[in-house]
Amino acid sequence: MHTIDPNAQIKLVAVDMDGTFLDGEGQIPEASWALIDRLQERGIKFVPASGRQFATLREQFAPLGEIAIIAENGTVVMHGENEIYSNIIGKSSVDAVIQAVRAQSALDAGLVLCGRRTAYVERADEAFAAAIAPYYRAVQVVEDLALVEDEIIKMAINVGTGAVKDMAAALEVPLQVVISGSHWVDAMNHGVHKGLALNALQEKLGISADETAVFGDYPNDLEMIKAATYSFAMANAHPVVAEAANFTAPSNLDHGVLQVLGAYLDGRAQL
């Protein structure tokens, strides 16, 4: 396990959510709020960086007021209601994914179109609704996803059977396809990821990689990990993330993010 150099001038902390910042019940640890207050008192920006919807993250972190948020796996960056960055998927690619997912009924696959205004789904069954509820708070059920009139920044596929590799292989589309969870596959434009979003935020704020700490656990965090000198893979991280990160933090079950940041704020060189 490692900690941040107490002499480091950290100005931005970006944290993945599931498997990283959230506890084993998928909740924000209660001790987080006091620690984030300490970060903000030091002028350090706390930034959630997740595959979750902006509306979901905004609601989860409402007590913090207007903060920067990297949402939808890096396809949009917001600060309060002000958009810093977004990346729109072409209509033909959206339609291709819709058709591909519809063809995978054996995988119990359901598609979420992540639009600028809200998220859109065709499925309204209880199991699918329960699966997407933790990630998408603003959702509109429509009869035909192909008729949605909104700019789409990401497409998220919930795979009920868990056969995410099969679902990813079935998406023969000109998009970047990322397995983002045990039941989730995301599709977005090539070259779009949390790292690109973090770079856009760093540039906007005038913050360097040496002034940035990042925490992640899954392959969709890889590029973000590479955008920070103080990059931490959780003890429970995927092997490729553990290899890419410069440091290791205790697992999310042990509130590893809080342990590392608490040690830094206390000026301690070790946990």
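Scroll up for the structure.
Scoring rules and cut-offs
- Residues numbered from 1 in each chain as written.
- Predicted model: local features only at pLDDT ≥ 70, side-chain atom pairs only at ≥ 80, totals over all residues.
- Heavy atoms only, no water.
- Pairing = 2+ DSSP bridges.
- Helix = DSSP H or I, 4+ residues; strand = E, 2+ residues; numbered from the N terminus.
- Core = buried A, V, L, I, M, F, W, Y, C linked by side-chain atoms within 4.5 Å.
- Buried < 20%, exposed > 50% of the residue type's maximum accessible area, 1.4 Å probe, protein only.
- Contact = heavy atoms within 4.5 Å.
- Axes fitted to C-alpha atoms, helices over the stretch in contact; angles between N-to-C directions.
- Parallel < 35°, antiparallel > 145°, perpendicular 65-115°, else oblique.
- Left-handed = near helix turned anticlockwise from the far one by under 90°.
- Polar contact = N/O pair within 3.5 Å; in protein donor to acceptor, adjacent residues only side chain to side chain.
- Expected span 1.5 Å × (residues − 1).
- Arc of directions from axis to C-beta.
- Salt bridge = Lys/Arg side-chain N within 4 Å of Asp/Glu carboxyl O.

A. Region of interest: the pairing of strand 5 (residues 82-86). By the bridge criterion, four bridges tie strand 4 (residues 76-79) to strand 5 in an arrangement that is antiparallel. Within strand 5, the position partnered with M78 by the bridge is E83. The turn joining strand 4 and strand 5, which pair antiparallel and follow one another in sequence, is formed by two residues; a positive phi near 65° is taken by G80.

B. Main features of the nonpolar core. Counting 45 residues, the largest nonpolar core has I4, I10, F21, F61, V112 and F215 as the members making the most contacts within it. Residues within four places of F21 in sequence aside, it is in contact with V15, D16, I28, P29, S32, I36, F46, F61, V257 and L258. Core analysis: the second largest hydrophobic core is formed by 26 residues, I89, L145, L175 and A187 among them.

C. The arrangement of unusual backbone geometry in detail. Positive phi values are uncommon outside glycine, yet E72 reaches one of about 50°. When you line up the elements, E72 lands in the loop between strand 3 (68-71) and strand 4. Residue E72 is classed as buried on the basis of its relative accessible area, which comes to 2%. Although it is not a glycine, N73 sits at a positive phi angle of roughly 55°. Structurally, N73 is set in the loop between strand 3 and strand 4. Under the relative-accessibility criterion, N73 is labelled buried at 3%.

D. The arrangement of the sheet that holds strand 4 in detail. With respect to topology, three strands assemble into an open sheet ordered 3-4-5, the strand pairing being antiparallel. At either margin of the open sheet sits one strand with a lone partner, and together these are strand 3 and strand 5. Sheet twist, expressed as the average angle between the axes of neighbouring strands with direction ignored, equals 20°. Helix 7 (residues 194-205) rests against strand 3, strand 4 and strand 5 of the sheet, and its axis sits at about 130° to strand 5.

E. Structural detail: the packing of helix 2 (residues 32-41) against helix 10 (residues 256-265). Viewed as axis vectors pointing N to C, helix 2 and helix 10 meet at an angle of 40°, and their least axial separation amounts to 11 Å. Comparing their axes, helix 10 and helix 2 come out oblique. With respect to the hand of their crossing, helix 2 and helix 10 are arranged in left-handed fashion. Counted together, S32, L35, R38 and L39 of helix 2 and L258, L261, G262 and L265 of helix 10 form the full contact between these two elements.

F. Structural context of the side chain of H193. Residue placement: H193 occurs in the loop between strand 11 (184-188) and helix 7. Separated by 3.2 Å, the side chain of H193 and the backbone nitrogen of G195 make a polar contact. Those residues in contact with H193 that lie beyond four places of it in its chain are N73, G74 and E223.

G. Seen up close, helix 4 (residues 91-102). Taking 1.5 Å of rise per residue, twelve residues should cover 16 Å, and helix 4 covers 17 Å from first to last C-alpha, within 8% of that figure. Among the residues of helix 4, those classed as buried are S93, V94, V97, I98, A100 and V101. Buried residues of helix 4 fall within an arc of 165° about the axis and therefore sit on the same side. Those residues of helix 4 that are buried are in contact with strand 6 (109-115), strand 9 (152-159) and helix 6 (164-170).

H. Region of interest: the pattern of salt bridges. Evaluated as defined, the whole model comprises 18 salt bridges. The partner of K11 in a salt bridge is E211, with the nearest N and O atoms 3.1 Å apart. With a gap of 200 residues between them, K11 in the segment before strand 1 (12-15) and E211 in the loop between helix 7 and strand 12 (212-216) connect regions that are remote in the sequence. Judged by relative accessible area, which is 36%, K11 ranks as partly exposed.

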